[in-house]
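# Observations on the three-dimensional arrangement
The residues making up each chain are set out below.
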Amino acid sequence: MQKKLITIPIEIYKREFYFQLYLALLAANEDYQILLGQQNEKLFKSTKNGIYFHKDHANWSVDWYKKAIKRKMKTVAFDIEGLIYYTADTYINNRVSKWILENIDLVLLWGYSQKKLISRVSNNNSNQIIIGSPKFDICNLLSDNAVTNTNRKANRILINTRFASTNIKNSENYFENLKKLGVLKTQKDIVEHKYFIKSENKIYKEFENLVKLLDNNSNFKITIRPHPAEDHSFYTKLSSKFNNVVVDAKTDLYQQILNHDCVIHDGCTTAIEANCIGRPVFGLRPENLKNAYNNFANNFSLNFSCHNDLFDYLIKTKICDYTDSNCDNMAKSYIHNWRSSTINSTNSILESFNKFDIKYQNILNPSLLYKFNYKHFLFKLISKISYFKVIFKIKRFKTFIIGREKIESKFPNLDSIELKNLIKNLNTLDKNTVKYDDLVIKTVSKKLILIYKK
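This is a predicted model, so every value here is computed, not measured.

With that settled, the discussion passes to the overall build of the protein chain. A tally of helices and strands in the protein chain yields 19 helices and 15 strands. Sorting the 454 residues of the protein chain into buried and exposed places 52% on the buried side. Taking contacts inside the protein chain between residues at least 6 apart in sequence as the whole, the part at least 24 apart equals 72%. Just so you have it, the protein chain exposes about 21,400 Å², and 50% of that area is on carbon and sulfur atoms.

In this structure, strand S14 (residues 439-445) lies alongside strand S15 (residues 448-453), joined through six bridges in antiparallel fashion. The partner of Ile441 across the bridge, within S15, is Ile451. Following S14, the chain reverses through two residues before pairing antiparallel with S15.

Before going further, it helps to examine the nonpolar core. Of all hydrophobic cores here, the largest spans 69 residues; its most connected members are Phe17, Leu21, Ile272 and Phe353. Membership of the second largest hydrophobic core comes to 29 residues, among which are Ile224, Cys262, Phe282 and Leu310.

On to the packing of aromatic side chains, then. Each aromatic ring pair is specified by the distance between its two centres and by the angle formed by the two planes. Counted according to the given criterion, the structure contains 24 aromatic pairs. Relative to Tyr254, the ring of Tyr18 lies with its centre 5.8 Å away and its plane at 40°, an arrangement referred to as tilted. Here Tyr18, found in helix H1 (residues 13-27), pairs with Tyr254, found in helix H10 (residues 253-259); they are 236 residues apart in sequence, far enough to count as distant. The two residues Tyr18 and Tyr254 agree in class, both being buried. Relative to Tyr65, the ring of Tyr52 has its centre 5.9 Å away and its plane inclined at 90°; by these criteria the two rings are edge-to-face. In this pair, Tyr52 is assigned in strand S3 (residues 51-54) and Tyr65 in helix H2 (residues 62-70), connecting sequence segments 13 residues apart. Take Tyr52: its relative accessible area is 1%, and that puts it in the buried class. The class for Tyr65 is buried, based on a relative accessible area of 0%. Ring-pair connections join several aromatic residues into one group, and the members of that group are Phe78, Trp110, Phe136, Phe296, Phe300, Tyr334 and Trp338.

Here we have six strands laid out as an open sheet, ordered S9-S8-S7-S10-S11-S12, and parallel in their pairing. Edge positions in the open sheet fall to strand S9 (245-247) and strand S12 (302-304), since each of these has one partner strand only. Averaged over neighbouring strand pairs, the angle between their axes works out to 25° when direction is ignored. For strand S8 (residues 221-225) and S9, the ladder comprises three bridges, and the chain directions are parallel. Its bridge partner lying in S9, Ile224 is registered against Val247. Together, strand S7 (156-160), strand S10 (262-265) and strand S11 (281-284) form the strand contacts of helix H11 (residues 269-277), whose direction differs from that of S11 by roughly 155°. Lying over the sheet, helix H12 (residues 307-316) contacts S10, S11 and S12, oriented at roughly 160° with respect to S11.

Criteria and thresholds
Residues numbered from 1 in each chain as written. Predicted model: local features only at pLDDT ≥ 70, side-chain atom pairs only at ≥ 80, totals over all residues. Heavy atoms only, no water. Helix = DSSP H or I, 4+ residues; strand = E, 2+ residues; numbered from the N terminus. Buried < 20%, exposed > 50% of the residue type's maximum accessible area, 1.4 Å probe, protein only. Contact = heavy atoms within 4.5 Å. Areas by Shrake-Rupley, 256 points an atom, 1.4 Å probe, with all protein chains shown as cover. Pairing = 2+ DSSP bridges. Core = buried A, V, L, I, M, F, W, Y, C linked by side-chain atoms within 4.5 Å. Phe/Tyr/Trp six-rings, centres within 6.5 Å; stacked < 30°, edge-to-face > 60°. Axes fitted to C-alpha atoms, helices over the stretch in contact; angles between N-to-C directions.

In structure tokens, the structure reads:
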């Protein structure tokens, strides 16, 4: 059997896997085999004559593309973080590589606003297509399921956090890493970043005060969903002080949004998704902040500067009487498929892929070498045996452990039962996806799968 090849390396499981799986299930109907998994898996570095679909067009990704081009892969970029960023200048300086824009085969864009922004780096429009975002394909499909009784006050509150710059999983070498990535280049950058951290702490404090107020009212049930890059144990410790607060980063985000009456956030993409699905969204950010995080997402919410005011609104106002954010016109310039029943960005991606002249090839049958990851094995060995923990306090190996912990937290081992449930959920949402029983799913490694239609 022969099929065309698409490779989709993923950095953060919770952020990317679901909508990339959606693409895979549609692509399988178009005679593709799809390699899907953690971006550092060895097989991604050896595939040839297929499509390499990468998560950004940032400066630090140039080498990934150059190697893929050498292997005669068609190269495609879609910046998953292309909607919300610190500032426009920071985005341009770090996440938009002139070399990538001008040398890869296809650049997929969120909307006209992003297109205008990246034109500051390159005017090469021949390989750029505005498609929207696959995330919002899912939101559009889910919006029909968002119907609820609104003639009542909210009691199930979802709080999404995004304090990865202050609630850090491992703070060691934090500033050094930002310097290596080119985020902090000058003394001015460092000073501004310190102001940014102070602002983040002020915003977080407002959230903590709100949680305290909500918990004191037995009518509320609060779920905190930490950002994947945050230290989740911090919130677990915090929730232990309360009676009506739980921390849950495991439940599927979209199901979590549907299970709650409203979402509270500051600057979170997930809040935009909640708005698109049809859930009320509230923003919370104190005033007079210096060099604060981009508040673009707050355009999609009803915003408050004080936790007391937001609390009063929640206890006094029925859901049906919430003030609408009136963001639709603005949203469409940033997200091409915003609340659209006719534009499906995932289908647009697939249509673009189908225009590539790529050869059919045998179904990948990787050797056992690709199944064995010695770095993962070594990390697990060190984690379990105390003797090794003492030896590996040497700086070089300590850095290795920290790096592996970061990878493990961003992309856990794939679970076959969870994978089956995700596929069946997508089958329900979109009848054009290949049904679970009609798929072949090969486990290449604990973090990598190959999918194709029987």
